[in-house]
Amino acid sequence: MPKLRVCCICGISSGYFKKDRNSRSFFNFPNPNIKKLVPFDKDLLERRLVAWKEVVGTNYDNVPIGLTCVCSDHFQSGKPARFSNVNDIDWIP
Ligand SMILES: [Zn+2]
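Worth saying up front: this structure is predicted, and the values here are computed from it rather than measured. Once a new chain begins, its residue numbering starts again from 1 and follows that chain's sequence as written. Where local features are concerned, this predicted model is filtered to residues with pLDDT of at least 70; where side-chain atom pairs are given and counted, the filter is 80 or more; whole-chain, interface and lining totals use all residues.

**Regarding the overall build of the chain**
Then step 1. The way it works is that DSSP assigns letters per residue, a run of H or I at least four long becomes a helix, a run of E at least two long becomes a strand, and they are numbered from the N terminus. For the chain, the helix and strand inventory stands at two helices and three strands.
Then step 2. Of the contacts formed within the chain by residues at least 6 apart in sequence, a portion of 53% connects residues at least 24 apart. Residues are defined as contacting one another if the C-beta atoms placed from their backbone atoms lie within 7 Å.

Okay, here's the thing in C-alpha cells:
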C-alpha cells in the first residue's frame, strides 16, 4: 500500500508519489526513538522534535501519527539540515 504523507504546516499531501509535480519533497519528523542512538544524539533529536512541534503547533495532533511530515517548502535550502547542525537555519522548518 502506498504511503500517504501529509505536510502538517501547509496540509499538502504527497499522494502516491514521493515527489509531486512541483518536486516537493516530504520529510519525516525527527525520531528520538530510533534504536542504536547514542544518548547525545537522542537528546538532540528530542530537542529538535520539540522545536519542530512548536513551529507546527496544533496541526501536529490533527494529522494521524505516521503521516506527519514537513514539505520542502518550509526549508530555505529545500531540505532539513543535518541533525547535528543545530545552528543551521534549516534545523527547524
Ligand atoms: Zn508544506
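**Side note on the environment of Phe75**
Then step 1. Summarising the element assignment, Phe75 is placed in the segment after strand S3 (68-71).
Then step 2. Whether a residue is buried, exposed or partly exposed is read from the other C-beta atoms within 10 Å of its own C-beta, which are placed from the backbone; 20 or more gives buried, 12 or fewer gives exposed, and intermediate counts give partly exposed. Judged by local crowding, Phe75 falls into the partly exposed class, with 19 C-beta atoms found within 10 Å.
Then step 3. Along the sequence, Phe75 and Asp90 sit 15 residues apart, while their C-alpha atoms lie 5.5 Å from each other.

**Re unusual backbone geometry**
It is generally the case that most residues other than glycine have a negative phi and that most peptide bonds are trans.
Then step 1. Of note in the backbone geometry, Lys36 takes a positive phi value of approximately 75° without being a glycine.
Then step 2. Its place among the elements puts Lys36 in the loop between strand S2 (26-28) and helix H1 (39-56).

**Description of the pairing of S3**
Then step 1. Side-chain alternation along S3 places Thr68 and Val70 on one buried face and Cys69 and Cys71 on a second face that is also buried.
Then step 2. Strands are labelled as partners when DSSP assigns at least two bridges between them. One ladder, built from two bridges, connects strand S1 (residues 6-7) with S3; its direction is parallel. Across the sheet, residue Cys7 finds its bridge partner in S3, namely Cys69.

**Observations concerning the nonpolar core**
Then step 1. A set of buried residues drawn from Ala, Val, Leu, Ile, Met, Phe, Trp, Tyr and Cys, joined through C-beta atoms within 7 Å, is what defines a nonpolar core. Judged by nonpolar contacts, Val6, Cys7, Cys8, Phe26, Trp52, Val56, Cys69, Val70, Cys71, Trp91 and Ile92 together constitute the single largest core of eleven residues.
Then step 2. Per element, the largest residue contribution to this core is three residues, and it comes from S3.
Then step 3. Aside from chain neighbours lying at most four places away, what touches Trp91 is Arg48, Ala81, Asn85 and Val86.

Function cannot be read off these values alone, since they describe shape.
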